[in-house]
Amino acid sequence: MRRTPLELAAIATAAVPGLAPTATAFSPDDDADFDSALLLDADGKRWRVRSPRHPEASTRLETEFMVLRAFAPSIRAELPFHVPTIAGTVRQGDLTTFVYTHLHGAMLSIDELSAGSPALAREIGSALAAIHDLPLTLVTNADLPSYSANEFRQRKLNELDQAATTGKIPATLLRRWEHALEDVALWRFNTSVVHGDLHEDNLMVQDDSVTALTGWTDLRIGDPADDFAWLVASNEASFVEAVLNHYTQARREKPDVHLLRRAALLAEFALAQYLVKAMAAGHQSMTAEAESMLQTLSADIDEQARRDEEAAQAAENEAAEILAADAQAAATSAGQNPPVSVVAIPNAEPTVTVAAIPGTSATSPERSLESAQAGTTAPGSTADAEETEKPVQAGGGDSNGTNDPDDTSTAAISVVKVTPLHTANRS
């Protein structure tokens, strides 16, 4: 049963002797785990009460108590924000209620944060960097959980298997998360101290400054993308990018390139974790709410996949149209070029006359010449003397003007002059 702010005020007076609340108000918190309220005393001082709703939540508050004690004054002084101080506790059966001194500032929604000034984005980025640059000994000395990159990925795989056993996770999401978790390159990162439960309700803001961070129940060594998961819910990509830029500048170590991709995956997977927790607690309304959110997410992903497919098909069709237009332009350009000119080489050779060489040989001078040229006629063969005195024309015909179709004289060869074709410009 949920406790009212008045009931929490009564519990707080037992935890902090002398506390006399004069006003109460509801305080946003993890509804499945805690009842919370803000108190105002006679001196105008504010207090915050957190009461666990089940033993596991009580254990988380006790863990936070150890974490806050580990924040030595030297560490607190280096942080650009304040952390809570526990004023008192009271145990009721198996559950322990904690009372904190309230920190200045207001809690804003993610939309209100996104609409804030660039100075606020810078403040959030610097706050995240300060958390992730905390010494690892802060966690190890408090005996808090510590995971390597591979251990963190394996832990998420185990949680996915557990979520799948509920039978309420849409198949689209199961495939999507499984493929992402099997992508080893996506999970190569350097671990750091992480808040582990960072969201807008644990962020105190005043005058574009981050004044305090609360909710230190899940401090651990793990994936820094954990603390960015809540940011990806913002519809203002420029805000997320600004926070990441300032975070990168403030970090001592450059973050990995896949940080925001893992943050988006972890934000989606948080819905499955919410479903498992609701079903374990037997909370029907929370279970129905988780199922509804998962179905909506699955529908959004399917719709985005359809749009991406249509965009890819449209791009492919456009590329094909461009290629066709280029081909048509090239053909048109080729048709507009001047015709090819064929010019014969002028016959500048003089007429060659073969005359008989005076001599005493009985061999016909014409045959001797032909024999020397062809190398096939034997010496001493006879020929018609009249044929030896006929002039041979360089034009390739005989003295009667007839043309030999097998003529291979120089004048029979023509040179083709081809005007170059200009390739059409590619768009």
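Definitions and cut-offs
Along each chain, residues carry numbers from 1 onward, in the same order as the chain's sequence is written. In keeping with the predicted nature of the model, local features appear solely for residues at pLDDT of at least 70, side-chain atom pairs appear and are counted solely at 80 or more, and the whole-chain, interface and lining totals rest on all residues. Heavy atoms throughout the structure, all of them, feed into the side-chain values; hydrogens and water do not. Only runs of H or I of at least four residues qualify as helices and only runs of E of at least two qualify as strands under DSSP, and these elements are numbered from the N terminus. The buried label applies to any residue whose accessible area, calculated with a 1.4 Å probe on protein chains only, is under 20% of its type's maximum; exposed applies above 50%, and partly exposed to all values in between. Here, two residues are considered to be in contact whenever any of their heavy atoms come within 4.5 Å of each other. Per-residue and other accessible areas follow the Shrake-Rupley method at a 1.4 Å probe size, with only the shown protein chains counted as cover for residues. Put simply, a nonpolar core is a bunch of buried Ala, Val, Leu, Ile, Met, Phe, Trp, Tyr and Cys residues held in one set by side-chain atoms that sit within 4.5 Å of each other. A 1.4 Å probe that fits into a set of points on a 1 Å grid over the protein atoms alone but cannot get out defines a cavity; an open set with protein on both sides within 12 Å along at least five of seven lines defines a pocket, and lining residues are those with an atom within 4 Å of a point. Grid points are joined across faces, edges and corners, and a volume is the space filled by probe spheres set on the points. Only Asp, Glu, Lys and Arg are considered charged in this grouping, and only Ala, Val, Leu, Ile, Met, Phe, Trp, Tyr, Cys and Pro are considered nonpolar; every other residue, Gly among them, is considered polar.

If you check an unreviewed UniProt entry, the protein chain appears there as Macrolide 2'-phosphotransferase from Paenarthrobacter sp. AMU7.

S.K.: Before we move on, could you go through the overall build of the protein chain and cite the residues and values that matter?
M.R.: What the protein chain contains, in helices and strands, is 13 helices and eleven strands. Counting only residues that meet the buried cut, the protein chain has 37% of its 427 residues in that class. Sequence-distant contacts, at least 24 apart, represent 66% of the contacts inside the protein chain between residues at least 6 apart. Accessible surface, the protein chain as shown: approximately 24200 Å² in total, 53% of it carbon and sulfur.

S.K.: Any details on the side chain of Ser-298? Residues and values, ideally.
M.R.: Counting through the fold element by element, Ser-298 comes out in helix α11 (residues 284-335). Leave out the neighbours within four places in its chain, and Ser-298 touches Pro-170, Thr-172 and Leu-173.

S.K.: Residues and numbers for the nonpolar core, please.
M.R.: Ranked by internal contacts, the top residues of the largest apolar core, which has 74 residues, are Phe-71, Phe-81, Ile-124, Trp-177, Trp-216 and Phe-228. Per-element accounting of this core gives the leading share, nine residues, to helix α10 (residues 259-281). Setting aside its immediate chain neighbours within four residues, Phe-81 contacts Ala-127, Ala-130, Ile-131, Val-210, Thr-211, Ala-212, Leu-213 and Trp-216. Counting residues in each nonpolar core, the second largest holds 13 residues, with Ala-9, Ala-15, Val-16 and Val-99 among its members.

S.K.: Explain the environment of Ala-299 residue by residue, including any values.
M.R.: Residue position: Ala-299 is located in helix α11. Assessed through its relative accessible area of 44%, Ala-299 is described here as partly exposed.

S.K.: Would you mind going over the side chain of Ser-36 in detail, with residue names and values included?
M.R.: Among the structural elements, Ser-36 can be located in strand β2 (residues 34-41). By relative accessible area, Ser-36 is classed as buried at 4%. In this structure, Ser-36 is in contact with Leu-8, Phe-26, Ser-27, Asp-29, Arg-48, Val-49 and Arg-50, ignoring residues within four places of it in sequence.

S.K.: So what's going on with the environment of Thr-96? Which residues, and what values?
M.R.: In this fold, Thr-96 is placed in strand β5 (residues 95-101). Separated by 35 residues in the primary sequence, Thr-96 and Leu-61 place their C-alpha atoms 7.9 Å from one another. Not counting chain neighbours up to four residues away, the residues in contact with Thr-96 comprise Pro-52, Ser-58, Leu-61, Glu-62, Thr-89, Val-90 and Arg-91.

S.K.: Provide a residue-level description of empty space enclosed by the protein, including the pertinent values.
M.R.: Space left empty within the atom packing is revealed by a probe, the size of a water molecule, rolled over the atoms. Evaluation of the coordinates by the stated rule reveals two cavities of 30 Å³ or more. If you go around the largest cavity, you meet 15 residues; those closest to its centre are Arg-48, Pro-84, His-102, Met-204 and Thr-214. Put simply, the parts of the chain that give the lining of the largest cavity at least two residues each are β3 (46-52) and β5. Of the residues belonging to the lining of the largest cavity, the class tally is six nonpolar, five polar and four charged. Considered as a void within the structure, the second largest cavity measures approximately 30 Å³ in volume.

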